[in-house]
Amino acid sequence: MNTASGVFFTWFLGLIFVAGGIVFIVFLEGNNLLFGLPYLVMGVLLCYGAWRLQVSAKKKAAAERDGSAEPPPAT
């Protein structure tokens, strides 16, 4: 999913998970790390994935613009 809406919703979902994880860690009385850390990790991974999608899309666009597109890997 390398569309603009896909990247936006991945960022949005990742930020929701990060915020939820922080809220769980800060405000939950018992087992705060048990519930907060998985949400925080999933949110960070989603945000990192969305960031990597943007970086790869920019590199691909620059390569196509310059005419130096790499050939697909041999299978």
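What comes next is a walk through the structure.

Reading the values: rules and limits
Residues numbered from 1 in each chain as written. Predicted model: local features only at pLDDT ≥ 70, side-chain atom pairs only at ≥ 80, totals over all residues. Heavy atoms only, no water. Helix = DSSP H or I, 4+ residues; strand = E, 2+ residues; numbered from the N terminus. Buried < 20%, exposed > 50% of the residue type's maximum accessible area, 1.4 Å probe, protein only. Contact = heavy atoms within 4.5 Å. Areas by Shrake-Rupley, 256 points an atom, 1.4 Å probe, with all protein chains shown as cover. Polar contact = N/O pair within 3.5 Å; in protein donor to acceptor, adjacent residues only side chain to side chain. Patch = residues over 30% accessible without salt bridge, like charges linked within 9 Å, V, L, I, M, F, W, Y side chains within 5 Å. Salt bridge = Lys/Arg side-chain N within 4 Å of Asp/Glu carboxyl O. Phe/Tyr/Trp six-rings, centres within 6.5 Å; stacked < 30°, edge-to-face > 60°.

A closer look at the overall build of the protein
Phase 1 of the analysis: When its secondary structure is counted, the protein shows 2 helices and 0 strands.
Phase 2 of the analysis: By the burial criterion, 13% of the 75 residues in the protein qualify as buried.
Phase 3 of the analysis: Nonlocal contacts in the protein, meaning residues at least 24 apart in sequence, comprise 52% of its contacts between residues at least 6 apart.
Phase 4 of the analysis: Counting every atom, the protein has about 5900 Å² of accessible surface; 71% of that belongs to carbon and sulfur.

What to know about unusual backbone geometry
Phase 1 of the analysis: With a phi close to 60°, Asn31 is a non-glycine residue in the positive phi region.
Phase 2 of the analysis: Examined against the element boundaries, Asn31 turns out to sit in the loop between α1 (4-27) and α2 (32-66).

Remarks on the side chain of Thr10
Phase 1 of the analysis: Note on placement: Thr10 falls in helix α1.
Phase 2 of the analysis: There is a polar contact of 2.7 Å between the side chain of Thr10 and the backbone oxygen of Gly6.

Comments concerning a nonpolar patch on the surface
Phase 1 of the analysis: On the surface, a nonpolar cluster with roughly 460 Å² of combined accessible area is contributed by Phe24, Leu34, Phe35, Tyr39 and Met42.
Phase 2 of the analysis: The biggest single contributor to the nonpolar patch is α2, with 4 residues.
Phase 3 of the analysis: Locating Leu34 in the fold gives a position in helix α2.

Description of the packing of aromatic side chains
Phase 1 of the analysis: Evaluated as defined, the whole model comprises 6 aromatic pairs.
Phase 2 of the analysis: Look at Phe24 and Tyr39: their rings are 5.4 Å apart centre to centre, the planes differ by 50°, and that puts the pair in the tilted class. Taken together, the residues span a long stretch of sequence, with Phe24 in helix α1 and Tyr39 in helix α2 at a distance of 15 residues.
Phase 3 of the analysis: What links up through ring pairs into an aromatic cluster is the set Phe17, Phe24, Phe35 and Tyr39.

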